[in-house]
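# Close look at the chain arrangement
As a plain string of letters, each chain reads:
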Amino acid sequence: QVHLVESGGGLVQAGGSLRLSCVASGLAFSNYGMGWFRQAPGKERDFVAGVSWGGGSTNYTDSVKGRFTISRDNAKKTVYLQMNTVKPEDTAVYYCATDSRWRRGVIPTTRAQYNFWGQGTPVTVSS
């Protein structure tokens, strides 16, 4: 079974930084792209960032470009989300997920294109 565990969330002041981690097990991690999504109360779970299987391609939603960085360490089966200059609107539960299919240079951005999900780690940004 595929299992994803996020960590690193917490309370942080606006302008601060946080690094989220997601450790995967039960899959050939390096064969698949990975994504980070976030969901605020009463809102949809939206795409934040994605990284290709080899780490050579990334994509970000516009609101986090220049502030967040996604990366992966395939040897450790871990994907990271470095969050800098955080804003109150970044407050949400953050989830990592695996791309449902092997792709070449394509990073999907919709929830339906990912299959396995972690339990989420909450991030609260205070002002």
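Here, the structure is the one placed above.
Conventions and cut-offs
- Residues numbered from 1 in each chain as written.
- Predicted model: local features only at pLDDT ≥ 70, side-chain atom pairs only at ≥ 80, totals over all residues.
- Heavy atoms only, no water.
- Helix = DSSP H or I, 4+ residues; strand = E, 2+ residues; numbered from the N terminus.
- Polar contact = N/O pair within 3.5 Å; in protein donor to acceptor, adjacent residues only side chain to side chain.
- Contact = heavy atoms within 4.5 Å.
- Salt bridge = Lys/Arg side-chain N within 4 Å of Asp/Glu carboxyl O.
- Buried < 20%, exposed > 50% of the residue type's maximum accessible area, 1.4 Å probe, protein only.
- Disulfide = S-S within 2.5 Å.
- Phe/Tyr/Trp six-rings, centres within 6.5 Å; stacked < 30°, edge-to-face > 60°.
- Lys NZ or Arg CZ within 6 Å of the ring centre and 35° of its normal.

It is worth spelling out the side chain of Arg38 at this point. Turning to its location among the elements, Arg38 is positioned in strand S4 (residues 34–39). A distance of 3.3 Å separates a polar atom in the side chain of Arg38 from a polar atom in the side chain of Ser63. The residues touching Arg38, leaving out its near neighbours within four places in the chain, are Glu44, Arg45, Asp46, Val48, Ser63, Val64, Phe68, Glu89, Asp90, Ala92, Val93 and Tyr94.

Applying the stated criterion across every chain, the model contains 4 salt bridges. One salt bridge connects Asp62 with Lys65, and the closest N-O pair in it is separated by 3.0 Å. Note on Asp62: relative accessible area 62%, which makes it exposed. Accessibility expressed as a relative area gives 47% for Lys65, which makes it partly exposed. Among the ionic pairs, Asp99 bridges to Arg103, the shortest N-O distance being 2.6 Å. An identical accessibility class is assigned to Asp99 and Arg103; each is buried. One salt-bridge network, held together by shared partners, links Arg38, Arg67 and Asp90.

Once that is clear, we can look at the state of the cysteines. Considering all chains together, one arrives at 1 disulfide under this definition. Sulfur-sulfur distance for the disulfide between Cys22 and Cys96 comes to 1.8 Å. Taking the torsion about the sulfur-sulfur bond, which here is approximately 55 degrees, the covalent link between Cys22 and Cys96 counts as right-handed. In this pair, Cys22 sits in strand S3 (residues 18–25) while Cys96 sits in strand S9 (residues 92–99), placing the two residues 74 residues apart along the sequence. For Cys96, a relative accessible area of 0% corresponds to the buried category.

A few words now on the packing of aromatic side chains. Applying the stated criterion across every chain yields a total of 4 aromatic pairs. Consider the rings of Phe37 and Phe47, whose centres lie 5.6 Å apart with planes at 80 degrees: the pair is edge-to-face. Here Phe37, found in strand S4, pairs with Phe47, found in strand S5 (residues 46–51); they are 10 residues apart in sequence, far enough to count as distant. Under the relative-accessibility criterion, Phe47 is labelled buried at 10%. Here Phe37 and Trp117 contribute two aromatic rings whose centre-to-centre distance is 4.9 Å and whose plane-to-plane angle is 65 degrees, an arrangement assigned as edge-to-face. Residue Phe37 is located in strand S4, and its partner Trp117 is located in strand S10 (residues 114–117); the two are separated by 80 residues in the primary sequence. Relative accessible area serves as the criterion here: at 0%, Phe37 is assigned to the buried category. Each residue in the set Phe37, Phe47, Tyr114 and Trp117 is aromatic and connected to the rest through ring pairs, giving one cluster. Directly above the ring of Tyr95 sits Arg45, whose terminal nitrogen or CZ lies 3.7 Å from the centroid.

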